[in-house]
Amino acid sequence: MSKTWTLMKIMAKMQLSLAGKSTSEKVGYVLLTLVMLPFGALILSLLNNLISTLYDVLSPTGNENIILGLVFVSVTFLFIFLSISTVLSSFYFAEDVESFISLPFQPYQILMGKSTVPFLSLYGTNAMLLLPVLLFYGLHSEAGAAYYGLAFMIWLLTPVIPFVITAIIVMFIMRFANISKNKDRTKIVVGLLGFAFAIGINVIIRLDSGGNAGEDMAALFMQQNGLLELITKFFPVAYFSSIALTTASTGTAALYFLLVAGLSAGAIVLFMTIGQATYFKGVLGLSGGKRSTFNDKTLDENVKETPLLWSLVLKEVRTIMRTPTFFTQIVVQSLFFPIFLVIILFMESSGSLDQISAMLGSWDGKIVLLALFGLTIVGLGINPASFSSVSRDGKSWFNYLYLPIPARTVIGSKLLIAFALNLVSLLILALVAVFLIGIPVWPLVNWLFLSIIAAWVTSVGGLLIDLYQPKLNWTDEREVFKGRFAGLVVFAIEAVIFGGAIGILWNMSSVEGVWITSLILFTLLIVLTAGCHFGLKKLVDQKYDKIL
Amino acid sequence: MIQLNNVTKNFAGKQAVKGLNLTIPDGKIFGFLGPNGAGKSTTIKMMTGILPIDEGSITLNGMDISKQPMDVKRVIGYVPDRSDIFLRLKGIEYLNFMADVFNIPSDVREEKITYLTKSFGIYDALGDHIQTYSHGMKQKIVVSGVLLHDPDIWILDEPLTGLDPKSSFTLKEMMREHANKGKIVFFSTHVLEVVEQLCDEVAIINNGQVQFQGAMSEMRQQFKEDDNLERLFLELTQNE
Ligand SMILES: Nc1ncnc2c1ncn2[C@@H]1O[C@H](COP(=O)(O)OP(=O)(O)OP(=O)(O)O)[C@@H](O)[C@H]1O
Ligand SMILES: [Mg+2]
């Protein structure tokens, strides 16, 4: 056990340490936290209002515990979703696996070590979502000390089961995926399968509840816990947790809590057992590639003249698609938000989708546009392709310097990649907006137009920040993303500029209608674009050939 | 012709190259000798535009690398000392990329790729990712990529380390051929036998300064008392 503990501490230290970060970066983190505080407060007060409203509506029929049920189900989903990529990269993609394997550790011990950081990182989300909801619920239900004690313990336990289940599934898939020849491609396919799996569960759940939900709704409302049972059908632990909390300080609560605790402990034991048997089989031989045969025909197919810019774009695409870390961090992460939105909307029964579109229909076009635009900025805001543009090249960056490739061609190819990924996200969002929600046509057209410009600006912005302080001296690709300041800076700047603009326009009654609003946002975007391009040009002139 | 005039390079707290002067004529194989840390790679990086020059100037074929970087880069072919090239590409994709960079027409590139990679014995591996290549194979694919455009000035940083005897022989043949076409072959090395056997002219640097430049024959003459090159080298580069 002490060995396991040592491993966990060492791995956590290696991944989380602030050592090696410059003081400016540390100061930056502090500043960023300060900037984010007001946003946090805003979100908390919104959450509080929401819970209070729901509570008042639901408590007369004794169905208020559905609030808890919903929250538990949502965070479970979120945890599964978040764990897929962190588990994959920590368990399998990180190159340090190999150095641990050669040491005399049991597979389960290495696994516990590798789980530490991905698991602990769930508590960030946990603290931001579940904790306040439990707190507000307690306040509204005027709960006693027993509730808060129980709530805290349940809060601690909640991430366990989603994380463990995800880890077990990932290990199973990797165990069998590892048979194939091309390891890098396998890693990528497995990553995709994980996401397909998460989406698949959603579809099943929706199909299952879609059929009878409508007619029985009224009946369910009448019956205590009826709604809760419906919502948590596939998540028994969420059900147990909700019941334990609504009956706090009774014997029932103790029973259900023990059930939750027992299940969590059981899950961990299961995880260690399965891990002991399968983990190494999935890891061993992960690196390496296949040997192919090469002949004159393949030569013919591969040799063609391409314009330089396009050639560079191709090279970027290949590098991203073939590097598992880049693939999960860039492609999967930037599609995370739109796909997540699709999932959430799919989870809604069709009735509530109609309600959303009815609601949007009744809103002013300006509000629809601003809401959509705000949502888009959140989605596009963190674009890993843009703020890893230069850093991705790592030690091979110097190749651009002795080859006769103009700086603007290299930068251009990188911008195109970041922009293209943003466009794909936009496209998914647009399809959702049109087919699932039915946004009115003019706000939609305006939104799309503005968003395309925003997609470009955010790409330039991310690239600008990365070029300003690139990280080229990495040995493991994850260093390009992990503990880097760039993504957060871009997001914070965008939050301030766009959040501010949207807030002002939203509240300015003198600005009315879609067109005027668009015009103002358009002007803002154009000014930003011009500013960013000016900055980029300056920076390229100053910095491009002096990075090394 | 390559000309280095009073070239100086400082790294944080350390002067790697100090007022270096060199003239390298066309049609010669030029050996650049010096002990570890002498400043060879640093000098080469300044010649190829990778590192900015702190003081002095470097002209290649009459063009200043700081003033006309694109024009210079089009006529040079550089083989770096470490093969941190684009590892995720397949061999053939890398060569095709290099051909795009140097605007090589597709019939020429096919012929050249076949010729070069077959000479080096890496043709069969062209469909694999460079990441899976051995050190020597990486070196050979880089050399092949650089020779696609038949550079006027071919600069190699320790090109022979890690090559097996046969590939080493092939590369030396190619260097000779290249120089015979009237072009410059400039390379750095520690291997004295190679210098003796291959070079028309040499420069020896130590602590960022040129200790000697001239034809091989001159060098021997000037240091008649030294019967072998190794002793000469040690003498020239000893740090007092
Ligand atoms: N990026 C850098 N930062 C700081 N110092 C450097 C850097 N690159 C080189 N140096 C220093 O400059 C000096 C010359 O290094 P250089 O790589 O040019 O030597 P070299 O002659 O190529 O040696 P070797 O034969 O080992 O390749 C060394 O003292 C080295 O420590
Ligand atoms: Mg060197």
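All values derive from a computational prediction rather than experimental measurement. (Residues numbered from 1 in each chain as written. Chains lettered and ligands numbered in written order. Predicted model: local features only at pLDDT ≥ 70, side-chain atom pairs only at ≥ 80, totals over all residues. Heavy atoms only, no water.)

**Student:** Help me out: how do you make sense of the overall build of chain B in this one?
**Tutor:** Scanning chain B from N- to C-terminus turns up nine helices and ten strands. The C-alpha radius of gyration computed for chain B amounts to 18 Å, which stays within 12% of the reference 18 Å derived for 240 residues, consistent with globular compactness. Taking the principal axes of the C-alpha coordinates as reference, chain B spans close to 50 × 40 × 35 Å. Each of the 240 residues in chain B was classed as buried or not, and the buried ones make up 58%. (Helix = DSSP H or I, 4+ residues; strand = E, 2+ residues; numbered from the N terminus. Rg over C-alpha atoms; globule rule 2.2 N^0.38 Å. Buried < 20%, exposed > 50% of the residue type's maximum accessible area, 1.4 Å probe, protein only.)

**Student:** What is the right way to look at the overall build of chain A in this model?
**Tutor:** Along its length, chain A carries 22 helices and zero strands. Put simply, 85% of the contacts in chain A that link residues at least 6 apart link residues at least 24 apart. Carbon and sulfur atoms make up 72% of the accessible area of chain A, which totals about 25,100 Å². (Contact = heavy atoms within 4.5 Å. Areas by Shrake-Rupley, 256 points an atom, 1.4 Å probe, with all protein chains shown as cover.)

**Student:** Sorry, what's going on with the confidence of the model for chain B here?
**Tutor:** For any part of a model where pLDDT is low, the fine detail of the predicted coordinates should not be relied upon. All names here are of chain B. Residues with a pLDDT of 70 or more make up 95% of chain B, whose mean pLDDT is 89. The least confident element of chain B is helix 9 (residues 229-237), whose mean pLDDT is 70; the most confident is strand 7 (residues 153-157), at 96. With pTM at 0.75, the complex prediction returns an ipTM value of 0.91. (pLDDT = per-residue confidence, 0-100.)

**Student:** Please explain the packing of helix 4 (residues 106-120) of chain B against helix 6 (residues 165-180) of chain B as it appears in this structure.
**Tutor:** Axis angle and axis distance: for two packed helices, these are the angle between their axes and the distance between the axes, and together they describe the pair. All names here are of chain B. Close contact between helix 4 and helix 6 brings their axes to 9 Å; oriented N to C, the two are set at 135°. Here helix 4 is positioned oblique relative to helix 6, judged by the angle of their axes. Residues Tyr115, Leu116, Ser119 and Phe120 of helix 4 form the contact with helix 6, whose own contacting residues are Ser167, Thr170, Leu171, Met174 and Glu177. When the residues that make up the contact of helix 4 with helix 6 are grouped by side-chain class, the tally is five nonpolar, three polar and one charged. (Axes fitted to C-alpha atoms, helices over the stretch in contact; angles between N-to-C directions. Parallel < 35°, antiparallel > 145°, perpendicular 65-115°, else oblique. Nonpolar A, V, L, I, M, F, W, Y, C, P; charged D, E, K, R; others polar.)

**Student:** What exactly am I supposed to notice about the confidence of the model for chain A here?
**Tutor:** Residue and element names in this part refer to chain A. Looking at chain A as a whole, its pLDDT mean stands at 81, while 83% of the residues score no less than 70. Looking over chain A, one finds the lowest element-wise mean pLDDT in helix 8 (residues 183-222), namely 59, and the highest in helix 18 (residues 399-402), namely 94. Every residue in residues 210-215 is under pLDDT 50, and counting partners more than four places away or in other chains gives zero contacts.

**Student:** Looking at this model, I keep getting lost on the interface of chain B and chain A. Mind explaining?
**Tutor:** One frequent convention defines the size of an interface as the accessible area lost when the parts assemble. With 41 residues of chain B at the contact, the number on the chain A side is 40 residues. Here chain B packs against chain A, burying approximately 3,800 Å² in sum over the two surfaces, 58% of which is carbon and sulfur. Considering only the surface of chain B that becomes buried against chain A, Ile50, Phe86 and Arg88 of chain B emerge as the three largest contributors, covering 18% of it. Here chain B is connected to chain A by three salt bridges. The salt bridge involving Glu477 of chain A is made with Arg88 of chain B; its shortest N-O contact spans 3.1 Å. (Buried area = accessible area lost by both parts, 1.4 Å probe. Salt bridge = Lys/Arg side-chain N within 4 Å of Asp/Glu carboxyl O.)

**Student:** Before we go on, may I ask you to explain the environment of Leu33 of chain B in this structure?
**Tutor:** Residue and element names in this part refer to chain B. Relative to the assigned elements, Leu33 resides in strand 3 (residues 29-33). Counting along the chain gives 57 residues from Leu33 to Lys90, while the straight-line C-alpha distance between them is 34 Å. Once residues lying within four places of it in the same chain are set aside, the contact partners of Leu33 are Lys40, Thr189, Leu192, Val195, Val202, Ala203, Ile204, Ile205 and Phe233.

**Student:** I keep staring at the nonpolar core and nothing clicks. Help me out?
**Tutor:** Generally speaking, a soluble globular protein has its nonpolar side chains buried in company with each other. Within the largest apolar cluster, 143 residues are counted, with the highest numbers of intra-cluster contacts made by Phe373 of chain A together with Trp154 and Phe186 of chain B. For this core, the element with the highest residue contribution is helix 19 (residues 407-437) of chain A, accounting for eleven residues. Residue contacts for Phe186 of chain B: discarding those within four places in its chain leaves Leu22, Ile24, Phe30, Phe32, Ile44, Met47, Trp154, Ile155 and Leu156 of chain B. Counting residues in hydrophobic clusters, the runner-up holds 68 residues, among them Met11, Leu58, Tyr147 and Ala267 of chain A. (Core = buried A, V, L, I, M, F, W, Y, C linked by side-chain atoms within 4.5 Å.)

**Student:** Is there a simple way to explain the packing of helix 19 of chain A against helix 20 (residues 441-468) of chain A in this structure?
**Tutor:** Residue and element names in this part refer to chain A. Direction vectors running N to C along helix 19 and helix 20 enclose 150°, while the axes themselves pass 9 Å from each other. The orientation of helix 19 relative to helix 20 falls into the category roughly antiparallel. Viewed along their axes, helix 19 and helix 20 form a crossing whose handedness is right-handed. Contacts from Ile411, Lys414, Leu415, Ala418, Phe419, Asn422, Leu423, Leu426, Leu429, Ala430, Ala433 and Val434 in helix 19 reach Leu444, Trp447, Leu448, Ser451, Ile452, Ala455, Trp456, Thr458, Ser459, Val460 and Leu463 in helix 20. (Left-handed = near helix turned anticlockwise from the far one by under 90°.)

**Student:** In this structure, what is going on with unusual backbone geometry? I would like to understand it.
**Tutor:** Residues and elements named next belong to chain B. With a phi angle near 50°, Asn6 is a residue other than glycine that sits in the positive phi range. Here Asn6 shows up in strand 1 (residues 2-11). Residue class for Asn6 comes out partly exposed when judged on its relative accessible area of 47%. With a phi angle near 55°, Asn103 is a residue other than glycine that sits in the positive phi range. Along the chain, Asn103 turns up in the loop between helix 3 (91-101) and helix 4.

**Student:** Would you mind going over the sheet that holds strand 3 of chain B with me for this structure?
**Tutor:** Residues and elements named next belong to chain B. Across the sheet, which stays open at both edges, the six strands sit in the order 6-7-8-3-9-10 with mixed pairing between neighbours. One side of each edge strand has no neighbouring strand; the edge strands of this open sheet are strand 6 (76-79) and strand 10 (209-215). Recorded for the sheet is a direction-independent mean angle of 15° between the axes of neighbouring strands. Pairing of strand 7 with strand 8 (residues 184-189) involves five bridges; the strand directions are parallel. Bridge assignment links Ile153 to a residue of strand 8, and that residue is Ile184. Along the sheet face, helix 5 (residues 135-147) touches strand 6 and strand 7 and points at about 175° away from the line of strand 6. (Pairing = 2+ DSSP bridges.)

**Student:** Just checking my understanding: could you explain the pairing of strand 10 of chain B for this structure?
**Tutor:** Two faces belong to every sheet, and in a regular strand the side chains alternate between them. Residues and elements named next belong to chain B. The sheet contact formed by strand 9 (residues 201-206) and strand 10 spans six bridges and is antiparallel. When the sheet's bridge partners are listed, Ile205 is paired in strand 10 with Val210. Connecting strand 9 to the next strand, strand 10, in antiparallel fashion are two residues, including Asn207 with a positive phi near 50°.

**Student:** Would you mind going over the pairing of strand 8 of chain B with me for this structure?
**Tutor:** All names here are of chain B. With six of six residues buried, strand 8 lies mostly within the body of the structure. Residues Ile184, Phe186 and Ser188 point to one face of strand 8 and Val185, Phe187 and Thr189 to the other, with burial holding for every one of them. Bridge count between strand 3 and strand 8: five bridges; the pairing is parallel. The residue bridging Leu33 from the neighbouring strand is Thr189, located in strand 8.

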